[in-house]
Protein chains: 2
Amino acid sequence: MATSKYENLRLQYKIWFTDETGNGLLGDGKWKILKAIDEEGSLTAACEKLGITYRRTWNDLKSIEKRLGFALLEKNRGGVDGGSTSLTVEGQRLIRAFDIFHEQMDTIMQDHFRLLINELTSNGE
Amino acid sequence: MATSKYENLRLQYKIWFTDETGNGLLGDGKWKILKAIDEEGSLTAACEKLGITYRRTWNDLKSIEKRLGFALLEKNRGGVDGGSTSLTVEGQRLIRAFDIFHEQMDTIMQDHFRLLINELTSNGE
DNA sequence: ATGCGTTATGATGAAAAATTCATATCGAAT
DNA sequence: ATTCGATATGAATTTTTCATCATAACGCAT
């Protein structure tokens with residue numbers, strides 16, 4: 001049995017943090033933004049890097065700040081270079097934790113998915 | 001340290017199947033619909049059960065049929081009872097597989113999430 | 001042949017989300 | 001005080017998504 005109707009199925013997933021009532025706090029989108037900010041040191045630069053609009057990103061970050069109880073970002077405006085945005089230590093720890101979690105989930109998910117596909121293809125058709 | 005800024009964080013996730021190019025094929029929403037159809041034996045009844053519109057559901061199912069290579073549903077219309085919709089054997093196997101996968105992921109996710117929170121709360125603050 | 005309940009579809013409109021455009025604010029350096 | 005580049009926001013516009021309404025087609029039983 002070389003091919004099966006399941007062979008081109010892929011698995012995708014999303015994870016996100018919420019508060020006790022289920023309101024979204026931090027998900028993949030904002031996680032990527034925060035990572036880019038950490039690398040670039042600037043919101044504007046991070047947006048260019050990701051190819052998303054400044055306006056949109058700014059809204060997203062505002063909603064994070066509003067919902068999360070503590071600061072992830074340190075913003076400075078003015079100055080000779082116009083300003084900058086960077087992550088607080090806690091922001092860095094949080095995205096690092098998200099990184100690790102993603103790595104773990106990637107492998108676990110795909111492992112289990114492979115098993116699932118095997119089962120689907122073997123016992124039937 | 002009784003409380004921490006992380007203590008009311010929760011984790012949520014979504015999984016879905018796609019084709020090789022990332023187009024969504026089957027996710028939680030359609031999975032629930034299919035389950036309801038399997039239980040009710042009718043699209044109309046399934047929609048009422050879930051509290052969603054027939055029109056919407058019908059669109060969703062059409063998109064599944066279009067993208068997936070094989071049939072999940074067996075539809076009959078007319079007849080004394082007006083008609084019916086049921087799952088094919090393969091449809092049943094697929095949603096059963098989704099069930100199992102979800103169960104596995106639920107426990108794995110929460111286990112790893114707990115570890116993550118522990119790490120966040122212990123080494124820092 | 002007609003009545004019934006279900007599947008099948010088009011058309012319209014409302015609501016929400018995303019994008020675009022414009023503009024204000026800030027502060028170090030000159 | 002003026003310049004400059006980045007942050008901060010409002011407002012309008014477009015796009016996308018979702019909900020509603022109306023209506024056709026179907027086929028078994030009577």
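Structure shown above.
Residues numbered from 1 in each chain as written. Chains lettered and ligands numbered in written order. Predicted model: local features only at pLDDT ≥ 70, side-chain atom pairs only at ≥ 80, totals over all residues. Heavy atoms only, no water.

Right, let's get into the overall build of chain A. Within chain A one finds four helices and four strands. Sequence-ordered secondary structure for chain A, helices as α and strands as β, is β-β-α-α-α-β-β-α. In terms of overall size, chain A is more extended than a compact globule, its C-alpha atoms giving a radius of gyration of 20 Å where 125 residues would be expected to give roughly 14 Å. Here chain A holds 125 residues, and the buried ones make up 41% of them. Counting only carbon and sulfur atoms, one obtains 48% of the accessible surface of chain A, whose full area is about 7100 Å². Side chains of chain A carry 17 positive and 19 negative charges; the gap between the two charge centres is 6 Å. (Helix = DSSP H or I, 4+ residues; strand = E, 2+ residues; numbered from the N terminus. Rg over C-alpha atoms; globule rule 2.2 N^0.38 Å. Buried < 20%, exposed > 50% of the residue type's maximum accessible area, 1.4 Å probe, protein only. Areas by Shrake-Rupley, 256 points an atom, 1.4 Å probe, with all protein chains shown as cover. Lys, Arg positive; Asp, Glu negative; His and termini not counted. Charge placed at Lys NZ, Arg CZ, Asp CG, Glu CD.)

What follows covers the pattern of salt bridges. All names here are of chain A. With the rule as written, the count across this model stands at 14 salt bridges over all chains. Of the charged contacts in the structure, one is a salt bridge between Lys 75 and Glu 65, with a shortest N-O distance of 3.5 Å. Highlighted residues: Lys 75 in strand E3 (residues 73-77) and Glu 65 in helix H3 (residues 54-67), separated in sequence by 10 residues. By relative accessible area, Lys 75 is classed as partly exposed at 44%. Looking at Glu 65, the relative accessible area reads 38%, which means it is partly exposed. By sharing partners, the salt bridges in this structure join Glu 39, Glu 40 and Lys 49 into a single network. (Salt bridge = Lys/Arg side-chain N within 4 Å of Asp/Glu carboxyl O.)

This part covers the pairing of strand E3 (residues 73-77) of chain B. All names here are of chain B. Two elements, E3 and strand E4 (residues 83-87), share five bridges in a ladder whose sense is antiparallel. When the bridges of E4 are listed, Glu 74 appears paired with Ser 86. From the end of E3 to the start of E4, which pair antiparallel, there are five residues, and Gly 78 there has a positive phi angle of about 85°. (Pairing = 2+ DSSP bridges.)

Here we take up the protein's contact with DNA strand C. Around DNA strand C sit 22 residues, and of these Gly 79 of chain A together with Leu 43, Thr 44, Arg 55 and Trp 58 of chain B come closest. When atoms of DNA strand C within 4 Å of the protein are sorted by moiety, sugar and phosphate together comprise 58%. A distance of 3.5 Å separates a phosphate oxygen of DNA strand C from a polar side-chain atom of Ser 42 of chain B. Between DNA strand C and Arg 77 of chain B, the relevant distance is 3.0 Å, taken from a sugar or linking oxygen to a side-chain nitrogen or oxygen of the residue. Elements with a minimum of two residues in the surface near DNA strand C: H3 of chain A together with helix H2 (43-50), helix H3 (54-67), E3 and E4 of chain B. (Near = heavy atom within 4 Å. Polar contact = N/O pair within 3.5 Å; in protein donor to acceptor, adjacent residues only side chain to side chain.)

If you rotate chain A by 179° and push it 0.1 Å along the axis, it lands on chain B with an RMSD of 0.4 Å. Here the transformation between the copies is reduced to the relation of a two-fold axis. Relative to the rotation axis, the closest C-alpha in chain A is found at Lys 14 of chain A, a distance of 2.6 Å. The overlap is high: 97% of the interface residues of chain A also sit at the interface in chain B, so the same surface is used on both sides. (Least-squares fit on C-alpha atoms with pLDDT ≥ 70 in both. Contact = heavy atoms within 4.5 Å.)

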